[in-house]
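Examination of the molecular architecture
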Amino acid sequence: MGEPLFKFFAVGSLPLLCLLAGCQAPLAQQIFQNTSTSAGMGSAINLLVETRIGSDPTDQKLNKLVVEQQVDLFKRFNPGVKIDVRFITNGQLVKQLDFQYSRGLAPDLILLTSNNLLPLWRQGLIKPIELKPFEQKSVRAALLPAFIHKKQLLGLPVLIFPQIACYNRNRLKNPPAEISQLIQLAQAGYPIGISAEFESLRWLYTGFGGNTSGQQSDELFKSPSLPFLTWLRLANLQPSISFESDQQLLRDGLVAGEFSWITCSGAWLQGLEKRMGSKLGITLLPSFPAGPARGLLNARTWAFGSQSSPIQHELAKRFALFSVNIVQQRNMALRLRSAMPVNPGISLPLKTDSTLALIVEAASNGRLLNLHSIDLLNVMDSNTKPYLDLVLSGDQSPSAIAPKFDSLLKKTEKR
Amino acid sequence: MNILLPLLADFTSDLLRTSVLLQLFVLIFGLILWFFLQHNWQLETRTWPFEHRFKFVALFKPLANEVLLLIILRTFALALYNTSGVAGLSLFISGFYGFCVFTRIIIILLRLRVPIPIVKSFDLSVLRPFLVIFGLLGFIAQIADLPSLLDSPVVMLGSNDFSFNDLLLLLFGSYFLLTGTALPAWCLTWFFAAIFQLSKPAQRAAELIIRYMITGAGFVLIFMIVGVNYTFLAAIGGGLSVGLGFGLKEIFSNFISGIWLLIEGAVRPGDVLLLENGSGEDPCEVLELGMRATTLWRDRDNVELVVPNQLFFTQQMVTYSGVRDRYRRGQVLIGAAYRHPPEQVISILEAVAATVPRVLEKPAPKGLLLRYDDSAIIYSIRYWIEDPMNGISVASQVGIAIWSAFSREGIEIPYPQRVLHMDSTVSNARTQI
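Given the structure is predicted, the values throughout are model-derived calculations rather than measurements.

1. So, the domain arrangement of chain A
All names here are of chain A. Domain boundaries assigned for chain A yield domain 1 (5-161 + 299-365) and domain 2 (163-296 + 371-413). Each partner contributes to the interface: domain 1 provides 28 residues, whereas domain 2 provides 26 residues. A combined buried area of about 2200 Å² lies between domain 1 and domain 2, and 55% of that area is made up of carbon and sulfur atoms. At the surface where domain 1 touches domain 2, the tally comes to 2 salt bridges. The salt bridge partner of E273 is R337, with a shortest N-O separation of 3.9 Å. Here domain 1 and domain 2 share 5 residue pairs in polar contact (both at pLDDT 80 or more) between them. For the side of domain 1 that touches domain 2, the elements supplying multiple residues, two or more each, are helix 3 (57-77), helix 5 (118-122), strand 5 (148-149), helix 13 (326-336) and helix 14 (354-365). At 6 residues, the largest contribution of residues to the side of domain 1 that touches domain 2 is made by helix 14.

Okay, structure coming up:
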């Protein structure tokens, strides 16, 4: 009985062995012909593209379309290259990466919706990339340092999505340009929605802390938090201001007319535009006495898989650089009209396209956090939430919470 | 194939990765080691400890080499996983092989309780194809995005958009429904037979009905999962009804007849019957009641007769295994000379029939004087046998026993004879004749 079973297994394994050995089996021949006429051995790469859970289907569809178009274009200019694209939600990303990594088949290139690269790097799921000086010129010089960790470049940004404000044109003729106008607007009865996550509220924290300079500061949380917390309490005293933890509620609320003004991201614009049409208005976040609001910049980033063969890694790098060349960047920016391209050599029709002009201005005002800071901010979000809830619910005064909040921020930063 | 080829092409590209090569190397090294070990240890032929004491040890002995290979592959894969953390492919392959070995163990255990033909059919028609499909899909899931692949649309029929998943379900689901229901049906029948004390033919009928029911329900379920449009099904039904009206009429009639026979219980597998236009004294046993035809076995020449189910509806038939019992009455006709007293002949016949092994004691054999023929008095000895299929052979044995008894007792079995009386008035009559 053992002998026949072994024969059965051996016969079953034959096709695989033939494939591996590259023998004359017809199936193997066909496959190798496929790969050799169009693509050499090793000239196939896998792309894993992260999509946001809860993001608007229109935004998701457009982002998928943009990636697929890039892949098609790259294949057209590089016949013989095979690129397999897989889309995965942010909730499943790490699980999927772990699964593929444990099989030795980690993706060659990962397109992340943020520049939160350090956790992936620590787990060994991604590896650094080396760019030659002329290759570095494809990305604004101010952006690349944010992606360097221990002198290694861990990712390559593709597009920058700024934090902006969205409003309903039919309900609100003049959106607030200054932070004081926001409260006045609420007092006048206009419903306002603000994200309750600390990451999204950071523009208020830095604005009230006076840290609105254009320079990138190494100290992430040096501002005192009392003015920020006091403003939160004041805002929450207005019945028409709502703080929402779920960003989808903000989006849906604006579409449904429950909010007249919300804090939003450039990444939401296409979906909102489709659902609201000409009613949608966009504007910069309200400025502070010390200067303009400095919202967080979210960078869509390429990260490189740690298990790629040298050929695959080189091909992945070529594809990533292809996506940041002048032509691709301009096409993407004009197509999306919601993100700032990273390539500095592009001229955009800012005078004729007011949306794009506003996005570029918001991106110039905003701040792109470095890898360490964004990692901290992610850790901090869960820690700061209880304190923010205490202030917003009115259980404790801002002055009582502020010292604890400052201490928490400093402690987290030191860690 | 158009979907699978790019996947394999991608995988050949990934073969250049160190992480993949290392896993393949570990598996190949394990195979080589196993080859030498199994050659030297001769596990399947050597005597094992407790082999004679515990029967089950000998039962699983043929799987020794497979288990050895499994242990080696699994150990190597786990060692690689613990050292590098990258061994998913080798763990999958060794795990799948382990599953295959496990199914072999199940088959061995099934053979102890379930009829071997059912187990063999289950093994060859269900288990092995299932393992091939399961292994293939499992391997694809390791190297590619299987859910997306399964969701990708493949065929468009009417308003129905069939995905790869639907196609697999329709194709293999139908196949497994048709081939794989024998074992579950047998198990359910075994359960019902234990509760309701079913007779053998009733068990086989119940088994077939359960099979049809599982298959029917399975098809409905598959159509529901696939989401076949009911309008589309109605269109197919319409087309079928036209087909039934012409070409498929006979097939459909036979199918319905088969189901009706099973429900009615008139003809069940295991029954012994005589068809009116059949083979005279040769009864046939019902082997299988198929969807279109019934297979009968004839003892005399060991042939299988395939009779359309419809025939049982249109023709009268004699069954020996009806509602009451399976006993069959046989008889042997014999002539004895006029000079022997009938009481003596009848008692000899009854005594002789009772000595034949397969003749039942109760009801006791019965001898009868049937008629006075030209040459002999014709007697009949009637007896009962348990298995109706043995009618001819028992009749032969009874006939031989009667001949021996008549020889012993001096009872003459006369040749045909005629007594001539000469008319004395006719002169020279003898000479004239």
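2. Notes on the state of the cysteines
Residue and element names in this part refer to chain A. If you walk through the whole model with that rule in mind, you get 1 disulfide over all chains. With its sulfur 1.9 Å from that of its partner, C166 forms a disulfide with C264. One quick way to see it: the torsion about the S-S bond of C166 and C264 is about 60 degrees, and its sign makes the bridge right-handed. Note that C166 is positioned in strand 8 (residues 163-168) and C264 in strand 11 (residues 261-265), a separation of 98 residues in sequence. Classification of C166 as buried rests on a relative accessible area of 0%. A residue is classified by how much of its surface remains accessible, and C264, at 3% relative accessible area, is buried.

3. Considerations on the side chain of T181(B)
Residues and elements named next belong to chain B. Secondary-structure assignment places T181 in the loop between helix 8 (164-179) and helix 9 (182-196). Of the residues examined, T181 reaches a relative accessible area of 3% and is grouped as buried. A distance of 3.3 Å separates polar atoms of two side chains, one belonging to T181 and the other to R211. Ignoring sequence-local partners within four residues, the contact set of T181 consists of F176, R211, I214 and T215.

4. Here we look at the sheet that holds strand 10 (residues 377-385) of chain B
Two modes of strand pairing occur in sheets, parallel and antiparallel, and in both the strands are linked by backbone hydrogen bonds. Residue and element names in this part refer to chain B. As summarised here, the arrangement of the 3 strands in space is 8-10-9, forming an open sheet in which the pairing is antiparallel. With partners counted over all chains shown, the strands left at the sheet margins are strand 8 (328-336) and strand 9 (366-372), one partner each. Direction aside, the axes of adjacent strands within the sheet are offset by 25 degrees on average. Examined bridge by bridge, strand 8 and strand 10 share 9 bridges and lie antiparallel to one another. Bridge pairing links R328 to I385 in strand 10. Its contacts with the sheet place helix 14 (residues 342-355) against strand 8, strand 9 and strand 10, and it is angled at close to 25 degrees to strand 10. Of the strands in this sheet, strand 8 and strand 10 are in contact with helix 15 (residues 391-409), which crosses strand 8 at around 30 degrees.

5. Looking at the nonpolar core
Residue and element names in this part refer to chain A. Counting 62 residues, the largest nonpolar core has L156, W302 and F319 as the members making the most contacts within it. Sorting elements by how many residues they give to this core places helix 12 (residues 310-323) first, with 6 residues. Apart from the residues lying within four places of it in its own chain, the contact partners of F319 are I45, L47, Q70, V71, F74, I83, L109 and W302. Ranked by size, the runner-up nonpolar core spans 39 residues in total, among them L172, I179, I192 and F198.

6. Looking at the sheet that holds strand 11 of chain A
Residues and elements named next belong to chain A. Reading across the sheet, the 5 strands line up as 10-9-11-8-12 and stay open at both edges, with mixed pairing between neighbours. Both edges of this open sheet fall to strand 10 (241-244) and strand 12 (280-283), since each of them pairs with a single strand only. This sheet shows a mean twist of 35 degrees between the axes of neighbouring strands, independent of strand direction. Here strand 8 runs beside strand 11; their pairing, made up of 5 bridges, is antiparallel. Counterpart to C166 in the pairing with strand 11 is I262. Across the sheet, helix 14 is in contact with strand 8 and strand 12; its angle to strand 8 comes to roughly 140 degrees.

7. Considering the packing of aromatic side chains
Residues and elements named next belong to chain B. All told, the structure shown has 26 aromatic pairs over all chains when counted by the stated rule. Considering the side-chain rings of F29 and F76, the 5.6 Å spacing of their centres and the 25 degrees angle between planes classify their relative orientation as stacked. Here F29, found in helix 2 (residues 18-41), pairs with F76, found in helix 4 (residues 64-84); they are 47 residues apart in sequence, far enough to count as distant. Summarising the aromatic geometry, the rings of Y338 and Y372 are spaced 6.0 Å apart at their centres and angled 25 degrees between planes, so their arrangement reads as stacked. Here Y338 is found in the loop between strand 8 and helix 14, whereas its partner Y372 is found in strand 9, with 34 residues between them in sequence. Here Y338 falls in the partly exposed class, since its relative accessible area comes to 41%. Ring pairing ties together the aromatic residues F92, F96, F99, F130, F134, Y175 and F176, which thus form one cluster.

8. Structural notes on the environment of L62(A)
Residue and element names in this part refer to chain A. Positionally, L62 belongs in helix 3. Of the residues examined, L62 reaches a relative accessible area of 14% and is grouped as buried. Here L62 is in contact with Q270, R335 and L336, once residues within four sequence places are set aside.

9. Let's talk about the pattern of salt bridges
Counted under the stated rule, the structure contains 13 salt bridges over all chains. Across the salt bridge formed by D108(A) and R17(B), the nearest N and O atoms sit 2.6 Å from each other. Pair noted here: D108(A) is in the loop between helix 4 (90-102) and strand 3 (109-112) and R17(B) is in the loop between helix 1 (4-14) and helix 2, and the two residues belong to different chains. With a relative accessible area of 0%, D108(A) lands in the buried category. Classification of R17(B) as buried rests on a relative accessible area of 0%. One connected set of salt bridges, linked through shared partners, spans D108(A), D14(B) and R17(B).

10. As for unusual backbone geometry
P363(B) follows K362(B) through a cis peptide bond whose omega is -5 degrees. Mapped onto the elements of the fold, P363(B) is located in the loop between helix 14 and strand 9. The backbone of R337(A) shows a phi angle near 55 degrees, a positive value even though the residue is not glycine. Tracing the chain through its elements places R337(A) in the loop between helix 13 and strand 14 (340-341). Of note in the backbone geometry, Q42(B) takes a positive phi value of approximately 50 degrees without being a glycine. In this structure, Q42(B) sits in the loop between helix 2 and helix 3 (55-60). Judged by its relative accessible area of 39%, Q42(B) falls in the partly exposed class.

11. Here's the deal with the confidence of the model for chain B
The predicted coordinates ought not to be read in detail in places where the model reports low pLDDT. Per-residue pLDDT for chain B has a mean of 84; in total, 92% of the residues score no lower than 70. This complex was scored by the predictor with a pTM of 0.71 and an ipTM of 0.73.

12. Describing helix 8 of chain B
With 16 residues, helix 8 of chain B ought to run about 22 Å at 1.5 Å a step, and its terminal C-alpha atoms sit 22 Å apart, in line with that. Residues of helix 8 of chain B that are buried include every one of F164(B), D166(B), L168(B), G173(B), S174(B), F176(B) and L177(B), and no others.

13. What to know about the packing of helix 2 of chain B against helix 5 (residues 88-113) of chain B
Each pair of packed helices can be summarised by the angle the axes make with each other and by the distance between the axes. All names here are of chain B. Contact geometry of helix 2 with helix 5 gives a least axis separation of 8 Å together with a crossing angle of 35 degrees. Along its contact with helix 2, which presents V20, Q23 and L27, the element helix 5 presents G88, L89, S90 and I93. Grouping the amino acids of the contact of helix 2 with helix 5 by side-chain chemistry returns 4 nonpolar, 3 polar and no charged.

14. Brief notes about the pairing of strand 6 (residues 303-308) of chain B
Residue and element names in this part refer to chain B. Bridging between strand 5 (residues 293-298) and strand 6 involves 6 bridges; their strand directions are antiparallel. Its bridge partner being in strand 6, R298 is matched across the sheet by V303. What sits between strand 5 and strand 6 in their antiparallel hairpin is a turn of 4 residues, with N302 showing a positive phi close to 50 degrees.

About the thresholds
Residues numbered from 1 in each chain as written. Chains lettered and ligands numbered in written order. Predicted model: local features only at pLDDT ≥ 70, side-chain atom pairs only at ≥ 80, totals over all residues. Heavy atoms only, no water. Domains from an automatic or database assignment. Contact = heavy atoms within 4.5 Å. Buried area = accessible area lost by both parts, 1.4 Å probe. Salt bridge = Lys/Arg side-chain N within 4 Å of Asp/Glu carboxyl O. Polar contact = N/O pair within 3.5 Å; in protein donor to acceptor, adjacent residues only side chain to side chain. Helix = DSSP H or I, 4+ residues; strand = E, 2+ residues; numbered from the N terminus. Disulfide = S-S within 2.5 Å. Buried < 20%, exposed > 50% of the residue type's maximum accessible area, 1.4 Å probe, protein only. Pairing = 2+ DSSP bridges. Axes fitted to C-alpha atoms, helices over the stretch in contact; angles between N-to-C directions. Core = buried A, V, L, I, M, F, W, Y, C linked by side-chain atoms within 4.5 Å. Phe/Tyr/Trp six-rings, centres within 6.5 Å; stacked < 30°, edge-to-face > 60°. pLDDT = per-residue confidence, 0-100. Expected span 1.5 Å × (residues − 1). Nonpolar A, V, L, I, M, F, W, Y, C, P; charged D, E, K, R; others polar.

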